[in-house]
Structure formats: structure tokens, C-alpha cells
Amino acid sequence: MTESMLWVAGVDEVGRGPLVGQVVAAAVVLDPLNPIDGLKDSKKLSEKRRNALYEQICERALGYAIASASVQEIDQLNILHASMLAMQRAVLALSCQVDRVLVDGNRCPELPMPSEAIVGGDASHACISAASILAKVTRDRQMVELHLQYPGYGFNRHKGYPTREHLQALQRLGPLLEHRRSFRPVREILEGAD
């Protein structure tokens, strides 16, 4: 890479809507000399394709980092601030120098370098798409692990989102420590149990 080239990191997070688990963020600096075909918004890709791209991104990116904010941080700060914290952690964990950061969404976390929020950025900027893929695959894998511990909730299917199956399991089995107590469906069950 020549010195005149800017090092741009794309950042995205996954997991604002679920009732359980961490919010996960990733930051990726792609190598313009080693492009990756097929990068787009992680939600528009099949699970198989996301997993294949995950491996390619990890192999070919100039730098990447994955970070999270815990359920306790989500409940203490609120989901927006926890998402910002996870994104900030991902950028600061990058091992390569970064000149500029592009963030998916309408606001940026506090960062020591210039940053820009781009609504729909995961569809228009490859570096943000790459970050969304790393974050989604990581969080989905966490949900599969949680499913192995607690198979009655169906985490491998709904990934923690408030589907009918998840809400029925919550009613039947009660919240886990991994559930977000500040989220209304969980809070209401806990209040009903008191």
C-alpha cells in the first residue's frame, strides 16, 4: 500500500433487536488490491454464503476486529449506547492504522479519527458489508452455542429475536441470565414472577 492511500474501516453491529445475548460489532479494513466478490448486506445473504465470505474476509482483509457489549452493559446503558460501545471497541481493537471510519446507520461512536455515518451503508460500501458479515456470523454462532446449552428456547432458529416461538418459550421456561432484562417482554415476565 502506498502512503498516499487512505486506510478506511467499515463498521457495523448486529443484535439490537433480540431479547437475548450480546450486541456484536465488527470493523474491517479491506485490501483494495485483493477484492472479495459478493460482499453485500449480511441479511441479504444465505447462511452458507455468509460463512464462506466470513472466512475470505478474515484471510484477505488488511485488518479486522470483532467486539461486543454484554447483556449487563445493554441493560445498564440501553441498546443504542451499548451498540456504540461495541462499535467503538471494534475500531479501537484494529491492529492496523485507520484514517477514516464508515459506520452503518445514522450516528457514529466516539472515535479518535474522522468518521461518517451512512444509512444503508452495508448495501453501498464493501467495507461496511464485510463488517456486517463478520458481526452477523459471530452473533449467530453465539446463538447456536446458547441453543446447545438451553435447547428449549429455539435460539438456533430465531437467533434471540422476539418471535412467537421465543416468546412462548420465555413464558414457559422463564428468562435466562443471558436475557436482556431492560427489554419489555423479558421485564414483563420478571415483573409477573415477583
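Look a little higher up for the structure.
Okay, so let's go over this structure. Bear in mind the structure is a predicted one, so any value in this text is a computation, not a measurement.

**Some details on the overall build of the chain**
(1) Moving on: Scanning the chain for helices and strands turns up eight helices and five strands.
(2) Moving on: Ordered by position from the N terminus, the helices and strands of the chain form the series β-β-α-β-α-α-β-β-α-α-α-α-α.
(3) Moving on: Expressed as lengths along the three principal axes of its C-alpha atoms, the size of the chain is roughly 60 × 35 × 25 Å.
(4) Moving on: The buried share of the chain, taken over its 194 residues, is 47%.
(5) Moving on: Here the contacts in the chain between residues at least 6 apart in sequence split such that 61% fall between residues at least 24 apart.
(6) Moving on: Counting only carbon and sulfur atoms, one obtains 50% of the accessible surface of the chain, whose full area is about 9800 Å².

**Some thoughts on the nonpolar core**
(1) Moving on: Formed by 29 residues in total, the largest nonpolar core has its most connected members in V11, V29, V91, L94, V98 and V101.
(2) Moving on: Among the elements that make up this core, the one with the highest residue count is helix 3 (residues 79-92) (six residues).
(3) Moving on: Those residues in contact with V29, other than ones at most four positions away along the chain, are W7, V8, A9, A61, L62, G63, L94, C96 and V98.

**Structural notes on helix 3**
Along an α-helix, a turn takes 3.6 residues, which lines up residues three or four apart on a common side.
(1) Moving on: Relative to the 20 Å expected for 14 residues at 1.5 Å per residue, helix 3 spans 20 Å between its end C-alpha atoms, a close match to the ideal helical length.
(2) Moving on: Within helix 3 the residues assigned to the buried category are A82, S83, M84, A86, M87, A90 and V91.
(3) Moving on: Between a side-chain oxygen at the N-terminus of helix 3 and the backbone nitrogen of L80 the separation is 3.0 Å; the capping residue is N78.

**With respect to the pairing of strand 3 (residues 63-69)**
(1) Moving on: Residues of strand 3 alternate between two faces, with G63, A65, A67 and A69 buried on one and Y64, I66 and S68 left unburied on the opposite face.
(2) Moving on: In this sheet, strand 3 lies alongside strand 2 (residues 23-29) in antiparallel orientation, the contact comprising seven bridges. By the bridge assignment, V29 is partnered in strand 3 with G63.

**Concerning the sheet that holds strand 4 (residues 100-104)**
Hydrogen bonds between backbone atoms are what pair the strands of a sheet, whose relative direction is either parallel or antiparallel.
(1) Moving on: Strand order in the open sheet formed by five strands is 3-2-1-4-5, with mixed pairing between adjacent strands. Only two strands of the sheet have a single partner each, and these edge strands are strand 3 and strand 5 (115-118). Here the strands of the sheet are splayed against their neighbours by 20° on average, with no regard to which way each runs.
(2) Moving on: Helix-sheet contacts for helix 3 involve strand 1 (8-14), strand 2, strand 3 and strand 4, and the interaxial angle to strand 2 is about 35°.

**Quick notes on the packing of aromatic side chains**
(1) Moving on: Within this structure, the stated rule accounts for one aromatic pair.
(2) Moving on: Relative to F155, the ring of Y153 lies with its centre 5.2 Å away and its plane at 5°, an arrangement referred to as stacked.
(3) Moving on: According to the relative accessible area criterion, Y153 is buried, its value standing at 5%.

**Side note on helix 1 (residues 47-60)**
(1) Moving on: Its 14 residues give helix 1 an end-to-end C-alpha distance of 20 Å, which sits within 8% of 20 Å, the value for a rise of 1.5 Å per residue.
(2) Moving on: Those residues of helix 1 that sit buried are R50, L53, Y54 and I57. Take helix 1 and look down its axis: the buried residues cluster within an arc of 115°, on one side only. The outward face of helix 1, more than 90 degrees from its buried face, is lined by the exposed residues K48 and E59.
(3) Moving on: The secondary structure elements touched by the buried residues of helix 1 are strand 2, strand 3 and helix 5 (126-149).

**What to know about the pairing of strand 4**
(1) Moving on: Burial analysis of strand 4 places four of its five residues in the buried class, which makes it a mostly covered element.
(2) Moving on: Pairing of strand 1 with strand 4 involves four bridges; the strand directions are parallel. If you follow V8 over to strand 4, its bridge partner there is R100.
(3) Moving on: Bridge analysis of strand 4 against strand 5 gives four bridges, and the strand direction is parallel.

The rules behind these values
- Residues numbered from 1 in each chain as written.
- Predicted model: local features only at pLDDT ≥ 70, side-chain atom pairs only at ≥ 80, totals over all residues.
- Heavy atoms only, no water.
- Helix = DSSP H or I, 4+ residues; strand = E, 2+ residues; numbered from the N terminus.
- Buried < 20%, exposed > 50% of the residue type's maximum accessible area, 1.4 Å probe, protein only.
- Contact = heavy atoms within 4.5 Å.
- Areas by Shrake-Rupley, 256 points an atom, 1.4 Å probe, with all protein chains shown as cover.
- Core = buried A, V, L, I, M, F, W, Y, C linked by side-chain atoms within 4.5 Å.
- Expected span 1.5 Å × (residues − 1).
- Polar contact = N/O pair within 3.5 Å; in protein donor to acceptor, adjacent residues only side chain to side chain.
- Pairing = 2+ DSSP bridges.
- Axes fitted to C-alpha atoms, helices over the stretch in contact; angles between N-to-C directions.
- Phe/Tyr/Trp six-rings, centres within 6.5 Å; stacked < 30°, edge-to-face > 60°.
- Arc of directions from axis to C-beta.

These results come straight from atomic positions and should not be treated as a statement about function.
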